[in-house]
Structures are given as structure tokens and as C-alpha cells.
Amino acid sequence: MDYNEYNNIPDMPNNSYIEKRSQSMAIASMALAIAGLVMGCCIYPAVIFGSLAIILALLSRGGEMTTNGYAKAGLIMGGIAIAFGILFFIYGLVTLLVQFGGIEGYLDYVEELMEKMGYPSPYSNPYDFYNNL
């Protein structure tokens, strides 16, 4: 008998299950990353989907030291989705501060709109509105 015949370990039945599980996590990672990129302008879904994509991409490695292509794509696109979410959040804050002159300016603007529409000021007594009906 040859030395290689004794040391050739047959594939264990669990290896195919682990590879399928790892492959499906990598595909789910890429799908969540794509969803995060599509919803990039909606701050919270982009960050949540991007974070889940990164977690699944890292978990798809299992005990191995390498990742497959789907997991790498999910990892990269998940990071980009998180960056889009953060950038749109910063853009919204800067727009708020520039357009209305700060938080107080925005609150004054909302109060003026509410008065034009016939609602009471949010700073007044709420029971006065119902008593005047």
C-alpha cells in the first residue's frame, strides 16, 4: 500500500453542510449590502443593512482564513452603505443648520407653519386649543 492511501482522509459529510452554510451567508451578505446601497439616502436602513452585511461576511468565513468572492463583495459594499448613511446624516444636519440658522430657527419655522395651519403653538397650553373649539 502506498503512504498516500493511508493519509488520504475522505470528505466528512459535515464539510458540504459547512460549505453550503458559509456560501449562503456570503450570498445573504451581498444581498444585504446591495439593499443598503439602494437605500443609501435613507439613513437608518443603510447603516443597519450595511452592518448586517459586514457581520454576515465575516461569519461566512467560519474557521477558514479566506473569504469567497460574495463575502468580499458584501464586506466592501456593506462598508460603502454605512459610509453613505453617515454622509447623508451629516448632509441633513448641515442643511438644517445652514437653511434655518440652527435648531432654534428650525423650531421657529415649525411654529410659524403650525400657526398658519390653525394649530396652537407647541409651547402654549395644549388644553387651550380644545377649549376654543
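As the structure is a computational prediction, the values presented were derived from the model and not from experiment.

Asker: Explain the overall build of the protein chain here, please?
Answerer: Within the protein chain, the regular secondary structure consists of six helices and zero strands. Helices and strands in the protein chain line up, N terminus first, as α-α-α-α-α-α. Sequence separation of 24 or more characterises 61% of the internal contacts of the protein chain that already satisfy a separation of 6 or more. Element-wise, carbon and sulfur atoms account for 67% of the exposed surface of the protein chain, whose accessible area totals about 9,900 Å².

Asker: Looking at this structure, how should I read a negative patch on the surface?
Answerer: Where like charges cluster on the molecular surface, the negative patch consists of Glu-104, Asp-108, Glu-112 and Glu-115. Positionally, Glu-112 belongs in helix α5 (residues 103-116).

Asker: What is the right way to look at the state of the cysteines in this model?
Answerer: What we call a disulfide is simply a covalent bond connecting the sulfur atoms of a pair of cysteines. For the structure shown, the criterion picks out zero disulfides. There is no disulfide at Cys-41, and the cysteine sulfur nearest it, in Cys-42, is 4.2 Å away. On the basis of relative accessibility, which here comes to 39%, the residue Cys-42 falls in the partly exposed class.

Asker: Looking at this structure, how should I read helix α3 (residues 43-59)?
Answerer: Residue pairs three or four apart in sequence face the same way in an α-helix, which turns once every 3.6 residues. Counted at 1.5 Å a residue, the expected span for α3 with its 17 residues is 24 Å, and the 25 Å between its end C-alpha atoms agrees. Looking at α3, one finds that the buried residues are Ala-46, Gly-50, Ala-53 and Ala-57. All buried residues of α3 fall inside an arc of 60° around its axis, so they share one side. Those residues of α3 that are exposed and angled more than 90 degrees off the buried face are Tyr-44 and Leu-59.

Asker: Is there a simple way to think about the packing of α3 against helix α4 (residues 69-100) in this case?
Answerer: Angle between the axes and distance between the axes are the two parameters that describe a pair of packed helices. It is at 8 Å that the axes of α3 and α4 come closest, and there the two elements cross at 155°. The pairing of α3 with α4 is recorded here as roughly antiparallel in orientation. The hand of the α3/α4 crossing is left-handed. Across the interface between the two elements, Ile-43, Ala-46, Val-47, Gly-50, Ser-51, Ala-53, Ile-54, Ala-57 and Leu-58 of α3 pack against Ala-71, Gly-74, Leu-75, Gly-78, Gly-79, Ala-81, Ile-82, Gly-85, Phe-88 and Phe-89 of α4. Tallied by class, residues from the contact of α3 with α4 come to 13 nonpolar, six polar and no charged.

Asker: Teacher, can you tell me more about a nonpolar patch on the surface here?
Answerer: Together, Leu-58, Leu-75, Ile-76, Ile-80, Phe-84, Leu-87, Phe-88 and Tyr-91 make up an exposed nonpolar region whose accessible area comes to about 780 Å². By residue number, the principal contributor to the nonpolar patch is α4, which donates seven residues. Looking at the element boundaries, Ile-76 is found in helix α4. Judged by relative accessible area, which is 56%, Ile-76 ranks as exposed.

Asker: For this particular structure, what's the right way to read α4?
Answerer: Between its first and last C-alpha atoms α4 spans 46 Å; for 32 residues at 1.5 Å apiece the expected length is 46 Å, and the two agree. Positive phi appears at Gly-101, one or two residues downstream of α4, with a value of about 75°.

Asker: Any chance you could explain the side chain of Ser-60 here in plain terms?
Answerer: Along the chain, Ser-60 falls in the loop between α3 and α4. Not counting residues within four places of it along the chain, the set of residues in contact with Ser-60 comprises Ser-22, Met-25, Ala-26 and Ala-71.

Conventions used here
Residues numbered from 1 in each chain as written. Predicted model: local features only at pLDDT ≥ 70, side-chain atom pairs only at ≥ 80, totals over all residues. Heavy atoms only, no water. Helix = DSSP H or I, 4+ residues; strand = E, 2+ residues; numbered from the N terminus. Contact = heavy atoms within 4.5 Å. Areas by Shrake-Rupley, 256 points an atom, 1.4 Å probe, with all protein chains shown as cover. Patch = residues over 30% accessible without salt bridge, like charges linked within 9 Å, V, L, I, M, F, W, Y side chains within 5 Å. Salt bridge = Lys/Arg side-chain N within 4 Å of Asp/Glu carboxyl O. Lys, Arg positive; Asp, Glu negative; His and termini not counted. Charge placed at Lys NZ, Arg CZ, Asp CG, Glu CD. Disulfide = S-S within 2.5 Å. Buried < 20%, exposed > 50% of the residue type's maximum accessible area, 1.4 Å probe, protein only. Expected span 1.5 Å × (residues − 1). Arc of directions from axis to C-beta. Axes fitted to C-alpha atoms, helices over the stretch in contact; angles between N-to-C directions. Parallel < 35°, antiparallel > 145°, perpendicular 65-115°, else oblique. Left-handed = near helix turned anticlockwise from the far one by under 90°. Nonpolar A, V, L, I, M, F, W, Y, C, P; charged D, E, K, R; others polar.

This is a description of form; function is not addressed.
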